[in-house]
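# Structure assessment
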Amino acid sequence: MKKRIEYKEEHIDPNEPIRLNKFLANAGICSRREADAFIQAGVVTVNGTVVTELGTKVSRTDEVMFHDQPVRLEKKVYVLLNKPKDYVTTSDDPQQRKTVMDLVRNACPERIYPVGRLDRNTTGVLLLTNDGDLASKLTHPKFLKKKVYHVYLDKNVTAHDMEQIATGITLDDGEIHADAIEYASDTDKSQVGIEIHSGKNRIVRRIFESLGYRVIKLDRVQFAGLTKKNVRRGDWRFLTEKEVEMLRMGAFE
């Protein structure tokens, strides 16, 4: 059994106003966007009064009801998954494919969701949490976090192409360069380790495809300082308090 960790709460003033959609999202009811729709539909009350105006602020001491049920802020949960192939990174897939949520279903009663996304066939480190503030900090372009990938390609990568990826190549949506790149094996030059900060979609695959390589396998070994060490593929663990503290402080690049 994995032992649930009680994380220290950040110091929050109980009287500080918070937007109602954020309050509902932090309580694990739904996403902020969905909360706006519920508010407009008139199913949310604050201190006994129906509130339909977007942008309304409440304090943590107010009585908020959703569909006549009291809303309570959830305890924060942080789960690290070593994602296997063939799972999509979404909370809900209309095409009925397997999702990463199937793998963490029994982790906690709270409603956690993936931070950022990994392609269906990309494996490795994926963080899931109900901490919306931290999630947006980790995925916001302004705070882009370091990601390290192990890339397996269909042929040896030339030293010239390695150099080009490091200095910068131009893709459809602009120029991109790796922060660091090196061969991942002394004997096999079709395996490369690449460090990148970009949050662009399918960026690693697109870099290599633009130079005529096909990515056979892509594994994210590090994200914002978190690694999948000692976590089997398809398995998960709770983050330690120290890891959460480091993420909150923004200590990891």
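A brief look at the structure comes next. (Residues numbered from 1 in each chain as written. Predicted model: local features only at pLDDT ≥ 70, side-chain atom pairs only at ≥ 80, totals over all residues. Heavy atoms only, no water.)

## Section: the layout of surface pockets
Stated formally: Here the term cavity refers to a set of points on a 1 Å grid, laid over the protein atoms alone, in which a 1.4 Å probe fits but cannot get out; the term pocket refers to an open set having protein on both sides within 12 Å along at least five of seven lines, with lining residues being those that place an atom within 4 Å of a point. Grid points are joined across faces, edges and corners, and a volume is the space filled by probe spheres set on the points. Working definition: helices are DSSP H or I runs of at least four residues, strands are E runs of at least two. Numbering for both runs from the N terminus. Following the grouping adopted for this structure description, the nonpolar residues are Ala, Val, Leu, Ile, Met, Phe, Trp, Tyr, Cys and Pro, the charged ones are Asp, Glu, Lys and Arg, and the polar ones are all others, Gly among them.
Each pocket or cavity is described by its volume, and for the largest pocket that value is around 560 Å³. Along the walls of the largest pocket sit 29 residues, with Arg117, Leu118, Gly199, Lys200 and Asn201 positioned nearest its centre. The dominant element in the lining of the largest pocket, judged by the number of residues it contributes, is strand β15 (residues 215–223), at three residues. Grouping the amino acids of the lining of the largest pocket by side-chain chemistry returns eleven nonpolar, nine polar and nine charged. Roughly 370 Å³ of volume is contained in the second largest pocket. Elements that contribute at least two residues to the lining of the second largest pocket include exactly α1 (20–26), α2 (32–40) and α4 (132–139).

## Points about helix α7 (residues 241–249)
Convention followed: For every residue, the accessible area obtained with a 1.4 Å probe (protein chains only) is divided by the maximum for its type, and the residue is called buried under 20%, exposed over 50%, and partly exposed between those limits. Of all possible arcs, the one meant is that of the directions from the helix axis to the C-beta atoms. Residue contacts are counted whenever heavy atoms from the two residues lie within 4.5 Å of one another.
Inspection of α7 places Glu243, Val244, Leu247 and Arg248 among the buried residues, and these make up the whole buried set. On an axial view of α7, the arc spanned by its buried residues comes to 135 degrees, and they lie on one face. Exposed residues on α7 whose side chains face more than 90 degrees from its buried face are Lys242 and Met249. Of the surrounding elements, those touching the buried residues of α7 are β7 (78–83), β9 (122–129), α4, β16 (226–227) and β17 (236–238). Positive backbone phi, at 75 degrees, marks glycine 250, one or two positions downstream of α7.

## Digging into the pairing of β15
Along a regular strand, successive side chains alternate from one face of the sheet to the other. Threshold: DSSP calls a pair of strands paired once it identifies at least 2 bridges connecting them.
Bridging between β9 and β15 involves three bridges; their strand directions are parallel. Bridge assignment links threonine 123 to a residue of β15, and that residue is aspartate 219. In terms of strand pairing, β15 meets β16 through two bridges, oriented antiparallel. Of the residues in β16, the one forming a bridge with phenylalanine 223 is leucine 226. If you look at the hairpin formed by β15 and β16, you'll find two residues sitting between the two strands, and alanine 224 has a positive phi there, around 50 degrees.

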